[in-house]
Amino acid sequence: MMGGRGAGGGGKGGGGGGGEGETRALSSLDSIEVSDEKWSKDTVDNYKQKIKRKEKIMPILVDKNNPSHVVDGAHRATAYKALGYKRVPVFKVNRVKFLTDAAKNGELKALQMQGWK
């Protein structure tokens, strides 16, 4: 598709900022795989539609100590890749704290607790 697409700064995709938000080259993230199950494909398709409509979606969460490690966001990353994006919105999180907070409070609340708005 369009090789030069970016996310975030150019108005493409969602993202949203706060503390450690930025864009990152999609190729710099560890290998991302999603299942071939229908619900998984539907999730990617849903994100693709939201990205095309420029709706705000949660950024791809990466470990702040290892920014190539995706903590959460494989479906979002797959959607951006399918649409030809080279850069994607990411948010650095403390992986252990995020996963603990997400288990207790839900992902969105845990992300907000780490400064995402």
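Cut-offs used in this document
Note that residues are indexed from 1 along each chain, following the sequence as it is written. For this predicted model, a pLDDT threshold of at least 70 governs which residues receive local features, and a threshold of 80 or more governs which side-chain atom pairs are given and counted, while totals over whole chains, interfaces and linings are taken from all residues. Only hydrogens and water are removed before side-chain values are computed, so all heavy atoms of the structure are retained for them. All axes here are fitted lines through C-alpha atoms, helices being fitted over the stretch that makes contact, and every angle between N-to-C directions spans 0 to 180 degrees. In this text, helices come from DSSP runs of H or I with a minimum length of four residues, and strands from runs of E with a minimum of two, each type numbered from the N-terminal end. Relative orientations are named as follows: roughly parallel for angles under 35 degrees, roughly antiparallel for angles over 145 degrees, roughly perpendicular for angles from 65 to 115 degrees, and oblique for any other angle. In this scheme the crossing of two helices becomes right-handed for a clockwise turn of the near helix relative to the far one and left-handed for an anticlockwise turn of less than a right angle. Should any heavy atoms of two residues lie within 4.5 Å, those residues are considered in contact. Three classes are used: nonpolar for Ala, Val, Leu, Ile, Met, Phe, Trp, Tyr, Cys and Pro, charged for Asp, Glu, Lys and Arg, and polar for all others, with Gly counted as polar. By nonpolar core we mean a set of buried residues, namely Ala, Val, Leu, Ile, Met, Phe, Trp, Tyr and Cys, connected to one another through side-chain atoms within 4.5 Å. Buried, partly exposed and exposed residues are distinguished by accessible area as a fraction of the type maximum, computed with a 1.4 Å probe on protein chains only: under 20%, between the cut-offs, and over 50%, respectively. Two rings belonging to Phe, Tyr or Trp (six-membered ring only in the last case) form a pair when the distance between their centres is within 6.5 Å. Interplanar angles under 30 degrees mark stacking, angles over 60 mark edge-to-face geometry, and anything in between is tilted. By definition, pLDDT measures how confident the predictor is in each residue, and it falls between 0 and 100. Here the rule is simple: two strands pair whenever DSSP picks up at least two bridges between them.

### Quick look at the packing of helix α1 (residues 38-52) against helix α2 (residues 74-82)
And then number 1: Close contact between α1 and α2 brings their axes to 8 Å; oriented N to C, the two are set at 60°. The angle between α1 and α2 falls in the class oblique. The way α1 lies across α2 gives a crossing that is right-handed. Together, W39, S40, T43, V44, Y47, K48 and I51 of α1 and H75, R76, T78, A79, Y80 and A82 of α2 make up the contact between the two elements.
And then number 2: When the residues that make up the contact of α1 with α2 are grouped by side-chain class, the tally is seven nonpolar, four polar and two charged.

### Brief notes about the nonpolar core
And then number 1: L29, I51, I60, Y80 and V88 are the most contacted members of the largest nonpolar core, which has 16 residues in total.
And then number 2: Elements supplying a minimum of two residues to this core: α1, β2 (60-63), α2 and β4 (87-93).
And then number 3: Counting residues in each nonpolar core, the second largest holds ten residues, with F91, V93, A102 and A110 among its members.

### Focus: the packing of aromatic side chains
And then number 1: Evaluated as defined, the whole model comprises one aromatic pair.
And then number 2: Between Y80 and Y85 the ring centres are 5.1 Å apart and the planes differ by 75°, which places this aromatic pair in the edge-to-face class.

### Things to note about the environment of K92
And then number 1: Relative to the helices and strands, K92 resides in strand β4.
And then number 2: A relative accessible area of 19% places K92 in the buried class.
And then number 3: Taking the C-alpha atoms as reference points, K92 and Q114, 22 residues apart in sequence, are found 8.9 Å from one another.

### Quick look at the confidence of the model for the protein chain
And then number 1: Put simply, the protein chain has an average pLDDT of 80, and 83% of its residues get 70 or more.
And then number 2: No element of the protein chain has a lower mean pLDDT than helix α4 (residues 107-113), which averages 76, and none a higher one than α2, which averages 94.
And then number 3: Taken as a whole, residues 1-19 scores under 50 in pLDDT and shows 51 contacts with residues more than four places along the chain or in a different chain.

### Let's talk about the pairing of β4
And then number 1: Burial analysis of β4 places six of its seven residues in the buried class, which makes it a mostly covered element.
And then number 2: Here strand β1 (residues 21-25) runs beside β4; their pairing, made up of five bridges, is antiparallel. Along β4, the bridge assignment pairs G21 with F91.
And then number 3: In this sheet, β4 lies alongside β2 in parallel orientation, the contact comprising four bridges. The partner of D63 across the bridge, within β4, is V93.

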